[in-house]
Amino acid sequence: MNTLVSTEELAAHPAWRVFDCRHDLGNPELGERQYAEAHLPGALFAHLDRDLSAPKTGRNGRHPLPEAKHFIAWLGRQGLKPADTVVCYDGGPGAMASRLWWMLRWAGHEQAAVLDGGLAKWQREGRPVTAEVPRMQAAPYPGKARASMHASLALVEKKLKRAALLDARAPARYRGEQEPIDPVAGRIPGAKNRFSNDNLAPEGIFKKPELLRSEFEKILSGRNPSEVINYCGSGVAACHNALAMEIAGLAGSRVYIGSWSEWSRDPARPIARSV
């Protein structure tokens, strides 16, 4: 299947599995409350902090990557089967949904996509929502993590001078002019900026594949997609860039889930700024 599905496609396939990934970084319980009020029919909720992240230790990032076995066990508790087609959505932009999309692919579940335009587009079109929470029969999920998709801190440090690092944060954060979330401002040395919001057209859906490809190829300057390591603040928006690259036909990039929130915790690691 495609990595991106339209509202029309999802509406035509009621048997597809759906996950609501809404999350507010400033109010972490808001997404779950919104889900309880209204969500897409058949959708289960995936909480970024509880379900899609490991515990914070003070040395790792704000949304650390869980151990594969823990995430795969969570998939089993959701009743997911290897043959299921999964669609992930959030309020609209797709950053939170792309985190689950990336983790599903990382766990070996290829039949995963993000809903283009998310809940915002679904509701604009007058499509149904519900407060009913579906009940799924839990069963062991036979997943296996794909190490080639993930860039660990050690790998980023090792490849620092050779990798094509793409920073998905807003330009002011990339330049180190401001840092509203993490304690230290700046970027990983050598990184180029690809703000994840730039993946979207004004109407809130992803740009056309040809345009995305042109924009990413301009940034990559001939580098192979397999050399790319996407990062952001805490490994969420970076998945949005990974998704956009897939849509553009530029497959094979990695995501550094620890991202800036992990990198910047050690004052011995180098930091770059443009101010």
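All of these numbers come straight from a predicted model, not from anything done at the bench. (Residues numbered from 1 in each chain as written. Predicted model: local features only at pLDDT ≥ 70, side-chain atom pairs only at ≥ 80, totals over all residues. Heavy atoms only, no water.)

Student: Describe the overall build of the protein chain, listing the residues and the values that go with them.
Tutor: Within the protein chain one finds 10 helices and nine strands. Its C-alpha atoms give the protein chain principal-axis dimensions of roughly 50 × 40 × 30 Å. Within the protein chain, buried positions represent 55% of all 275 residues. A sequence separation of at least 24 residues applies to 76% of the contacts in the protein chain between residues at least 6 apart. Carbon and sulfur atoms make up 52% of the accessible area of the protein chain, which amounts to about 12300 Å² in all. Considering the protein chain, the positive charge centre built from 37 side chains and the negative charge centre built from 30 side chains are found 6 Å apart. (Helix = DSSP H or I, 4+ residues; strand = E, 2+ residues; numbered from the N terminus. Buried < 20%, exposed > 50% of the residue type's maximum accessible area, 1.4 Å probe, protein only. Contact = heavy atoms within 4.5 Å. Areas by Shrake-Rupley, 256 points an atom, 1.4 Å probe, with all protein chains shown as cover. Lys, Arg positive; Asp, Glu negative; His and termini not counted. Charge placed at Lys NZ, Arg CZ, Asp CG, Glu CD.)

Student: Could you give an account of the sheet that holds strand β8 (residues 228–231), naming the residues involved and the relevant values?
Tutor: Here four strands make up an open sheet; going across it, the order is β7-β6-β8-β9 and the pairing parallel. Two strands in the sheet have a free side with no partner beyond their single neighbour: β7 (192–193) and β9 (254–255). Note that strand β6 (residues 164–167) and β8 share four bridges and pair parallel. What sits directly across from D167, in β8, is Y231. In the packing of helix α8 (residues 209–220) onto the sheet, contacts are made with β6, β7 and β8, and the angle to β6 comes to roughly 125°. (Pairing = 2+ DSSP bridges. Axes fitted to C-alpha atoms, helices over the stretch in contact; angles between N-to-C directions.)

Student: With reference to specific residues and values, describe the environment of T57.
Tutor: The topology assignment puts T57 in the loop between β3 (43–45) and α3 (68–77). A distance of 3.2 Å separates a polar side-chain atom of T57 from the backbone nitrogen of R59. (Polar contact = N/O pair within 3.5 Å; in protein donor to acceptor, adjacent residues only side chain to side chain.)

Student: Which residues make up the nonpolar core, and what values do they have?
Tutor: A general feature of soluble globular proteins is that nonpolar side chains tend to end up buried together. Counting 68 residues, the largest nonpolar core has L40, F71, L100 and W102 as the members making the most contacts within it. No other element matches helix α4 (residues 95–106), which puts nine residues into this core. Apart from the residues within four sequence positions on either side, W102 is in contact with L65, M149, H150, C239, A242, V255 and I257. In this structure, L153, V156, L160 and Y174 belong to the second largest nonpolar core, which totals 15 residues. (Core = buried A, V, L, I, M, F, W, Y, C linked by side-chain atoms within 4.5 Å.)

Student: So what's going on with the sheet that holds strand β4 (residues 86–89)? Which residues, and what values?
Tutor: Strand pairing within a sheet occurs via backbone hydrogen bonds; the two strands may be parallel or antiparallel. Reading across the sheet, the five strands line up as β1-β5-β4-β2-β3 and stay open at both edges, with parallel pairing between neighbours. Among the strands making up the open sheet, the edge pair consists of β1 (4–5) and β3. Pairing between β4 and strand β5 (residues 112–115): three bridges, direction parallel. In the strand pairing of β5, V86 is matched with A112.

Student: Can you break down the packing of α3 against α4 residue by residue, with the values?
Tutor: Between α3 and α4, whose axes approach to 11 Å, the crossing angle comes to 105°. As the angle between them shows, α3 and α4 are arranged roughly perpendicular. Contact residues: α3 offers A68, F71, W74 and L75, while α4 offers L100, M103, L104 and W106. Along the lines of polarity and charge, the residues of the contact of α3 with α4 split into eight nonpolar, no polar and no charged. (Parallel < 35°, antiparallel > 145°, perpendicular 65-115°, else oblique. Nonpolar A, V, L, I, M, F, W, Y, C, P; charged D, E, K, R; others polar.)

Student: With reference to specific residues and values, describe the pairing of β6.
Tutor: Alternating positions in β6 separate into two faces, A164 and L166 on one and L165 and D167 on the other, with burial throughout. As defined by bridge partners, β6 adjoins β7 across two bridges and the pair is classed as parallel. Residue pairing across strands places L166 opposite K192, the latter belonging to β7.

Student: Give a detailed account of helix α9 (residues 237–247), specifying residues and quantitative values.
Tutor: One turn of an α-helix holds 3.6 residues; hence residues three or four places apart share an orientation. Of all 11 residues in α9, 10 are buried, a share of seventy percent or more. Positive phi shows up at G249, right after α9, with a value of about 80°.

Student: If you had to explain the pattern of salt bridges to someone new, which residues and values would you point to?
Tutor: When charged atoms on two side chains of opposite charge get close, those side chains can pair. Across all of its chains, the model carries 22 salt bridges by this definition. For E246, the salt bridge identified is with R105, shortest N-O distance 3.9 Å. Here R105 lies in helix α4 and E246 lies in helix α9, a separation of 141 residues in the sequence. Its relative accessible area of 25% is what places E246 among the partly exposed residues. According to the relative accessible area criterion, R105 is buried, its value standing at 10%. Across the pair R213 and E217 runs a salt bridge, and its minimum N-O distance is 3.0 Å. Of this pair, R213 and E217 both sit in helix α8, separated by four residues, roughly a single helical turn. (Salt bridge = Lys/Arg side-chain N within 4 Å of Asp/Glu carboxyl O.)

Student: Quick rundown of unusual backbone geometry? Include the residues and the values.
Tutor: In this model, S221 sits at a positive phi of 50°, which is unusual for a non-glycine residue. Relative to the assigned elements, S221 resides in the loop between α8 and β8. Here the phi dihedral of S259 falls at roughly 50°; this positive angle occurs in a residue that is not glycine. As for its placement among the helices and strands, S259 is situated in helix α10 (residues 259–263).

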